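Summary of structural features
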Amino acid sequence: MNPAQPPPGARLCALADISEPGTKGFMFRAGEKLFFGFVVRRAGEVRGYVDRCPHTGLPLALMPDRYLTRENDLILCSSHGALFRTIDGFCIAGPCAGQRLWPWPVTVEGDQVLAG
């Protein structure tokens, strides 16, 4: 596990801070180590993923919190155009088709989103 990844139970944000549908990105630092992750809220589900394209290792969003397509139905890699399902991070199109985003466990407790 990345030492910069927040521990289970750490508060990430209020659920209201993420549009429905929408996304929110996070960056954490522990010394020289960094962890980038994002949360997707869509169709009543909240999922977390490591913010790293399986094709190149680059972050997915070029602009803060802009991980979804215009239709808000898929996760988009802004660098290479890969498309991922929001429900499981499976790549359905692009240079990493058939691969997956790495899950980042998150939970919702009441009105708060927490690291899982």
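Criteria and thresholds
Residues numbered from 1 in each chain as written. Predicted model: local features only at pLDDT ≥ 70, side-chain atom pairs only at ≥ 80, totals over all residues. Heavy atoms only, no water. Core = buried A, V, L, I, M, F, W, Y, C linked by side-chain atoms within 4.5 Å. Buried < 20%, exposed > 50% of the residue type's maximum accessible area, 1.4 Å probe, protein only. Salt bridge = Lys/Arg side-chain N within 4 Å of Asp/Glu carboxyl O. Patch = residues over 30% accessible without salt bridge, like charges linked within 9 Å, V, L, I, M, F, W, Y side chains within 5 Å. Areas by Shrake-Rupley, 256 points an atom, 1.4 Å probe, with all protein chains shown as cover. Helix = DSSP H or I, 4+ residues; strand = E, 2+ residues; numbered from the N terminus.

1. Description of the nonpolar core
Side chains of nonpolar character tend, in soluble globular proteins, to be buried together. Residues F38, L60, I75, F84 and L101 are the most contacted members of the largest nonpolar core, which totals 15 residues. Core analysis: the second largest hydrophobic core is formed by 13 residues, L12, C13, I18 and V39 among them.

2. Here we look at the pattern of salt bridges
By the definition in use, this model includes four salt bridges. A salt bridge links E45 to R47; the nearest nitrogen and oxygen atoms lie 2.8 Å apart. Look at E45 and you get partly exposed, because its relative accessible area is 36%. Exposure remark for R47: the relative accessible area of 30% places this residue in the partly exposed category.

3. Examining a nonpolar patch on the surface
Residues M27, L34 and F36 make up a contiguous nonpolar surface patch of roughly 250 Å² in combined accessible area. Inspection of the secondary structure assignment puts L34 in strand β3 (residues 33-42).

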